[in-house]
Amino acid sequence: MRDLRDRVAIVTGASSGIGKATALALAREGAHVALAARREHLLQALAREVEALGREALPVPTDVTKREQVKALVERTLERWGRVDILVANAGVYVRSPIRDLNVEDLEFSMAVNFYGSVYPVLEVLPHMEKQGQGHIVLVTSMDAKKGIPPDTPYVAAKFALAGFGDVLRQELHGTGIGVTVVFPGRVDTPLIENLKVPWISAKIPAEKVARAIIKGIRRRAPEIIVPWQARLLLYAHVLSPRLADWGVRFFHLEGWEEETTP
Ligand SMILES: NC(=O)c1ccc[n+]([C@@H]2O[C@H](COP(=O)([O-])OP(=O)(O)OC[C@H]3O[C@@H](n4cnc5c(N)ncnc54)[C@H](OP(=O)(O)O)[C@@H]3O)[C@@H](O)[C@H]2O)c1
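These notes cover the structure that comes with them. (Residues numbered from 1 in each chain as written. Predicted model: local features only at pLDDT ≥ 70, side-chain atom pairs only at ≥ 80, totals over all residues.)

**Focus on the site of the ligand**
Reasoning step 1: Around the ligand, a shell composed of 32 residues is seen, among which Gly13, Gly17, Arg38, Gly92 and Leu192 lie nearest.
Reasoning step 2: Of all the secondary-structure elements, those providing two or more residues to the shell around the ligand are helix H1 (17–28) and helix H4 (104–132).
Reasoning step 3: Per-class residue counts for the shell around the ligand are 15 nonpolar, 13 polar and four charged. (Near = placed C-beta within 6 Å. Helix = DSSP H or I, 4+ residues; strand = E, 2+ residues; numbered from the N terminus. Nonpolar A, V, L, I, M, F, W, Y, C, P; charged D, E, K, R; others polar.)

Quick look at the structure:
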């Protein structure tokens, strides 16, 4: 999908961070954008920014954990533009809890947003993309889906699940004209982790950098995107030896420091 002009995109988690930056990047490339998240006033403000770029925007307040709301999001997009070319399933929450303190509700909440909250939009757009014979699906997971970082079990488990879903989805859709890109960002400077200080080696990158990588991924139909590239080092270490990568996580304090527990 080289030319994004006049394409129709849906972005979930568009009210903030990576989703907002991606919606604007898509609009700059010429796409019209359906904006989904729960905070309507932020979606309305973003819609004005998209329109200022000369593109159309459709803010649709949506809780991605509610299948009916996701269905309505896709229906409204189709009513407005008659098609959906791109889905960026990006909405997410950061849920961390050491396993000894873990309650099942933390896991269920993380799965509801980070896994099912991306699966539902995929299931809703897929029949339409299949009818169109083309489309592109972007799933935003995390580097945590390549190498788990303690004490993030609820987040890591959901992101691993989403990465696995995306890996199979891409292969099943081979030859249909529908591409799938799974995105694995490292630490990104957004409200999601604003209370987390991170070591220099995993310094936070701007959301716009992830958005640019997503645009490139859509254009090239890249199967996977790891951003920034340095994050690959941990993955390579893990492939070589999980024990070595575990050591790296401990040595560099990749879990970071929550504001109130900063030494
Ligand atoms: N920041 C990082 O370091 C980092 C690293 C790797 C991966 N990621 C992933 O990148 C994605 C975007 O995160 P971000 O960093 O941009 O964080 P963010 O600025 O906090 O944005 C999260 C977005 O998700 C939306 N959201 C949360 N729960 C939702 C729900 N139930 N229904 C609909 N929307 C919901 C939020 O909107 P509302 O609150 O308005 O609903 C918001 O727009 C997430 O999937 C995250 O896991 C982030």
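**A closer look at H1**
Reasoning step 1: For H1, spanning twelve residues, the distance from its first C-alpha to its last is 17 Å, which sits close to the expected 16 Å at 1.5 Å a residue.
Reasoning step 2: For H1, a buried count of eleven out of twelve residues is recorded, marking the element as mostly surrounded by other parts of the structure.
Reasoning step 3: Taken as a whole, H1 has its buried residues at Gly17, Ile18, Gly19, Lys20, Ala21, Thr22, Ala23, Leu24, Ala25, Leu26 and Ala27.
Reasoning step 4: Its buried side turned inward, H1 meets strand E1 (8–12), strand E2 (32–37), helix H2 (40–52), strand E4 (86–89), strand E5 (135–140) and helix H6 (207–220). (Expected span 1.5 Å × (residues − 1). Buried ≥ 20, exposed ≤ 12 C-beta atoms within 10 Å, placed from the backbone. Contact = placed C-beta atoms within 7 Å.)

**Points about the nonpolar core**
Reasoning step 1: Ala23, Val33, Leu35 and Val138 are the most contacted members of the largest nonpolar core, which has 70 residues in total.
Reasoning step 2: With residues near it in sequence (within four places) discarded, Val138 still touches Leu87, Val88, Ala89, Thr181, Val183, Ile214, Gly217 and Ile218. (Core = buried A, V, L, I, M, F, W, Y, C linked by C-beta atoms within 7 Å.)

**A few points about H2**
Reasoning step 1: With 13 residues, H2 extends 18 Å from end C-alpha to end C-alpha; this agrees with the ideal 18 Å at 1.5 Å per step.
Reasoning step 2: Buried residues belonging to H2 abut H1, E2 and strand E3 (57–61).
Reasoning step 3: Just beyond H2, the residue with positive phi is Gly54, at close to 85°.

**Some thoughts on the pairing of E4**
Each regular strand displays side chains that alternate between the two surfaces of the sheet.
Reasoning step 1: Neither face of E4 is open: one carries Ile86 and Val88, the other Leu87 and Ala89, and all of them are buried.
Reasoning step 2: With three bridges joining them, E1 and E4 adopt parallel strand pairing. Directly across from Ile10, in E4, lies its bridge partner Leu87.
Reasoning step 3: Read from E4 through H4 to E5, the crossover connection turns out right-handed. (Pairing = 2+ DSSP bridges. Right-handed = clockwise from strand over helix to strand, strands pointing away.)

**Section: the pairing of strand E6 (residues 178–185)**
Reasoning step 1: Among the eight residues that make up E6, eight are buried, leaving the element largely enclosed by the rest of the structure.
Reasoning step 2: Because side chains alternate across E6, one face comprises the buried residues Ile178, Val180, Val182 and Phe184, and the other comprises Gly179, Thr181, Val183 and Pro185, equally buried.
Reasoning step 3: Remark: the E5/helix H5 (residues 153–172)/E6 crossover connection has right-handed handedness.
Reasoning step 4: Pairing analysis gives four bridges linking E6 to strand E8 (residues 224–227), with the strands arranged parallel. When the bridges of E8 are listed, Val182 appears paired with Glu224.

**Here's the deal with the packing of helix H7 (residues 232–240) against helix H8 (residues 242–251)**
In a packed pair of helices, the relevant descriptors are the angle between the two axes and the axis-to-axis distance.
Reasoning step 1: At their nearest, the axes of H7 and H8 sit 5 Å apart, and the two run at 140° to each other. Our classification of the angle between H7 and H8 gives oblique. Between H7 and H8, the contacting residues are Leu234, Ala237, His238 and Leu240 on the first element and Pro242, Leu244, Ala245 and Gly248 on the second.
Reasoning step 2: Classifying every residue of the contact of H7 with H8 gives six nonpolar, two polar and no charged. (Axes fitted to C-alpha atoms, helices over the stretch in contact; angles between N-to-C directions. Parallel < 35°, antiparallel > 145°, perpendicular 65-115°, else oblique.)

**A closer look at the environment of Glu56**
Reasoning step 1: By secondary structure assignment, the location of Glu56 is in the loop between H2 and E3.
Reasoning step 2: Overall, Glu56 belongs to the partly exposed group, with 16 C-beta atoms counted inside 10 Å.
Reasoning step 3: Distance in space between the C-alpha atoms of Glu56 and Val33 is 6.5 Å, their sequence separation being 23 residues.

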